[in-house]
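# Residue-level structure breakdown
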Amino acid sequence: MKLPSHDAAARTPEDGGHRVHLPRFRAGPLRQVASRLLLALLVLVLTVVIVYVDRTGYHDNSDENVDFLDAVYYSTVTLSTTGYGDIVPYSDSARLSNILLVTPLRVLFLIILVGTTLEVLAERTREQYRLNRWRSALRDHTVVVGFGTKGRSAVQTLCATGLAKNRVVVIDPNHKVIEAANADGFAGVVGDATRSDVLLRAEAQRARQFVIATQRDDTAVLVTLTARQLNRGANIVAAVREEENAPLLRQSGADAVITSASAAGRLLGMSVQSPTAGAVIEDLIQQGSGLDLVERTVVKAEVGKSVRDTDDLVVSVLRGHRLLAYDNPDASPLQAADRLITIVRAPMVQE
């Protein structure tokens, strides 16, 4: 199901601001209030039962008899500490029940009321404390701009390779999209990612990598420029619809550019010619199942060996800034600083 999403260039309503939304793991406010009202009602009912059972030990100044309505009235004014004094306990049993039962229930009733009020008053302080603690602990995280189909798929792939959910911050101008991200366990910022103040709320200056998956290519360029200005050393991966815009994104500071329309078209063409080959490529780019395409360092035991002598199926060797195919004579022997692009079984990645 496709989530509702807007372009990152869309302006956020003034009443929403550019707030950070952290995932919540507790019941909603209506459910909390309803549960406390139910508990208060149970306390009231229990007090009424206690007074009515021992009604002969109470004295009503108006007619001297205490019926059910009088028991409800007495319980209500007693729990609220109003205490008009028109109905009073005069027998030893009634006074003892007031000491041992009614008084504790009165205290519990007050705790429920005062606790609800204090929680409402302290909600903003507690939320600010959580936000400050979250900011202070956030380092080397991943900022995802746009949580539509592309952004969500990218995050799922990253999490499948071991990235913790608390190391991901989602930016999107749509409140509902951020709520969906919070429901999945990700922190979110509602706002326009082309603005530096929005990126700063996501601690972009301390991020390790950016995933830019906006709806429009011009928005992706602006976000890339802003992100690169705030963070010179981060790895930025961006998606574009049109291949002609890919060079512009690279000039804007993107380390890798994925052309979504062209990539999907090439996969479609391959699947027409060879459905099996298309299925293999689909399996390789879907992390966590079947075969996975991963990048890893060369282990000490592999240094000096040929590419074909490694335990994994090596596709390419990254040496410095050169990407060498497995059949390139310069790829062997392997060096300690090399990185290997290999095909492995998914359970090996999970382990």
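Heads up: these notes are all about the structure in this document. (Residues numbered from 1 in each chain as written. Predicted model: local features only at pLDDT ≥ 70, side-chain atom pairs only at ≥ 80, totals over all residues. Heavy atoms only, no water.)

### Observations concerning the pairing of strand β7 (residues 209–212)
For strand β4 (residues 142–145) and β7, the ladder comprises four bridges, and the chain directions are parallel. Bridging from a neighbouring strand, valine 145 pairs with isoleucine 212 of β7. One ladder, built from four bridges, connects β7 with strand β8 (residues 235–240); its direction is parallel. Note on β8: the bridge partner recorded for valine 211 is valine 237. (Pairing = 2+ DSSP bridges. Helix = DSSP H or I, 4+ residues; strand = E, 2+ residues; numbered from the N terminus.)

### Some thoughts on unusual backbone geometry
Put simply, serine 332 and proline 333 share a cis peptide bond, and its omega is 0 degrees. Residue position: proline 333 is located in the loop between β12 (322–325) and β13 (339–345). Phi angles above zero are rare outside glycine, and aspartate 140 is one such case at about 50 degrees. The phi angle at glutamate 203 is positive, at roughly 55 degrees, despite the residue not being glycine. Mapped onto the elements, glutamate 203 comes out in the loop between α6 (196–201) and β7.

### Topic: the sheet that holds β12
Read across the sheet, four strands follow the order β10-β13-β11-β12 without closing on themselves; strand pairing throughout is antiparallel. The sheet is open, and its two borders are formed by β10 (291–297) and β12, each paired with just one other strand. Pairs of neighbouring strands in the sheet enclose a mean axial angle of 25 degrees, with direction left out of account. Note that β10 and β13 share seven bridges and pair antiparallel. Its bridge partner lying in β13, leucine 293 is registered against isoleucine 343. (Axes fitted to C-alpha atoms, helices over the stretch in contact; angles between N-to-C directions.)

### Points about helix α7 (residues 217–230)
Note: α-helices contain 3.6 residues per turn, so residues at a spacing of three or four share the same orientation. In a regular helix each residue adds 1.5 Å, so 14 residues correspond to 20 Å; α7 covers 20 Å between its end C-alpha atoms and thus fits that length. Here α7 has its buried residues at Asp217, Thr219, Ala220, Val221, Val223, Thr224, Thr226, Ala227 and Arg228. Among the structural elements, β4, α6, β7, β8 and α8 (246–252) are those in contact with the buried residues of α7. (Expected span 1.5 Å × (residues − 1). Buried < 20%, exposed > 50% of the residue type's maximum accessible area, 1.4 Å probe, protein only. Contact = heavy atoms within 4.5 Å.)

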